[in-house]
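Residue strings, one per chain:
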Amino acid sequence: QVQLVESGGGLVQAGGSLRLSCAASGSIFSIHAVGWYRQALGKQRELVAGITSGGSTNYADSVKGRFTISRDNAKNTVYLQMNSLKPEDTAVYYCNADVLRIGSLRPYDYWGQGTQVTVSS
């Protein structure tokens, strides 16, 4: 089995920064694409940033220039550095990863439990 655990959320003032981490553990052979999503109260879950196994990245227009996604393959961990935070960034942030398990013939999709980010004005 594979587990994704997010950490690093919390309460921050507008203009502040947070760094989220998504650590994968279990019987992992390799981790392919990873994405950070967020879901604000009463809204649909949306993709914030994604990173491929090769390091290519993409961002939602609303976070471009403020958020940076990165990965440490040796640690099976993906990060989301969030700067210049705004109240509208308030949401539960989820990590999603495409993981090839040891002994498996194809990758499977996994989600973490989420971490709350609250930005006060």
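Since the structure is predicted, the reported quantities are computational estimates derived from the model, not experimental observations. (Residues numbered from 1 in each chain as written. Predicted model: local features only at pLDDT ≥ 70, side-chain atom pairs only at ≥ 80, totals over all residues. Heavy atoms only, no water.)

Caption draft 1: Looking closely at the overall build of the protein. In terms of regular secondary structure, the protein is built from 0 helices and 11 strands. Its helices and strands in sequence order give the protein the pattern β-β-β-β-β-β-β-β-β-β-β, from N to C terminus. Against the 2.2 N^0.38 benchmark of 14 Å for 121 residues, the protein shows a C-alpha radius of gyration of 14 Å, consistent with a compact globule. With respect to the principal axes defined by its C-alpha atoms, the protein has extents near 50 × 25 × 25 Å. Taken across its 121 residues, the protein has 40% of its residues classed as buried. The contacts of the protein with a sequence gap of at least 6 include a subset with a gap of at least 24, amounting to 55%. Summed over its atoms, the accessible surface of the protein is roughly 6,400 Å², and 50% of this surface lies on carbon and sulfur atoms. Looking at charge distribution, the protein has the averaged site of its 11 positive side-chain charges lying 2 Å from that of its 8 negative ones. (Helix = DSSP H or I, 4+ residues; strand = E, 2+ residues; numbered from the N terminus. Rg over C-alpha atoms; globule rule 2.2 N^0.38 Å. Buried < 20%, exposed > 50% of the residue type's maximum accessible area, 1.4 Å probe, protein only. Contact = heavy atoms within 4.5 Å. Areas by Shrake-Rupley, 256 points an atom, 1.4 Å probe, with all protein chains shown as cover. Lys, Arg positive; Asp, Glu negative; His and termini not counted. Charge placed at Lys NZ, Arg CZ, Asp CG, Glu CD.)

Caption draft 2: Layout of the layout of surface pockets. The space that makes up the largest pocket amounts to roughly 160 Å³. Together, 13 residues line the largest pocket, and Arg-38, Ala-40, Lys-43, Glu-46 and Glu-88 are the ones closest to its centre. For the lining of the largest pocket, the per-class residue count stands at 2 nonpolar, 4 polar and 7 charged. (1 Å grid on protein atoms, 1.4 Å probe; cavity = no way out; pocket = protein on both sides within 12 Å on 5 of 7 lines; lining within 4 Å. Points joined across faces, edges and corners; volume = space filled by probe spheres on them. Nonpolar A, V, L, I, M, F, W, Y, C, P; charged D, E, K, R; others polar.)

Caption draft 3: Local environment of the sheet that holds strand β3 (residues 18–26). Taken together, the 4 strands give an open sheet; going across it, the order is β1-β3-β8-β7, and neighbouring strands pair in antiparallel fashion. Edge positions in the open sheet fall to β1 (2–7) and β7 (67–72), since each of these has one partner strand only. Shown here is a sheet whose adjacent strand axes are inclined to one another by a mean of 15°, direction ignored. Across 6 bridges, β1 lies against β3 in antiparallel orientation. Bridging from a neighbouring strand, Val-2 pairs with Gly-26 of β3. (Pairing = 2+ DSSP bridges. Axes fitted to C-alpha atoms, helices over the stretch in contact; angles between N-to-C directions.)

Caption draft 4: Seen up close, the pattern of salt bridges. Tallying each qualifying case throughout the model produces 4 salt bridges. Across the pair Arg-66 and Asp-89 runs a salt bridge, and its minimum N-O distance is 2.7 Å. Remark: Asp-89 occurs in the loop between β8 (77–82) and β9 (91–101) and Arg-66 occurs in the loop between β6 (57–59) and β7; sequence separation between them is 23 residues. Assigned by exposure class, Arg-66 and Asp-89 land together as buried. Taken together, the shared-partner salt bridges in this structure form one network comprising Arg-38, Glu-46, Arg-66 and Asp-89. (Salt bridge = Lys/Arg side-chain N within 4 Å of Asp/Glu carboxyl O.)

Caption draft 5: Broad picture of the state of the cysteines. A complete count under the given rule lists 1 disulfide for this structure. Across the disulfide from Cys-22 sits Cys-95; the S-S distance is 2.0 Å. Residues Cys-22 and Cys-95 share a disulfide whose torsion about the S-S bond is about -75°; that sign makes it left-handed. Remark: Cys-95 occurs in strand β9 and Cys-22 occurs in strand β3; sequence separation between them is 73 residues. For Cys-22, a relative accessible area of 3% puts it in the buried group. (Disulfide = S-S within 2.5 Å.)

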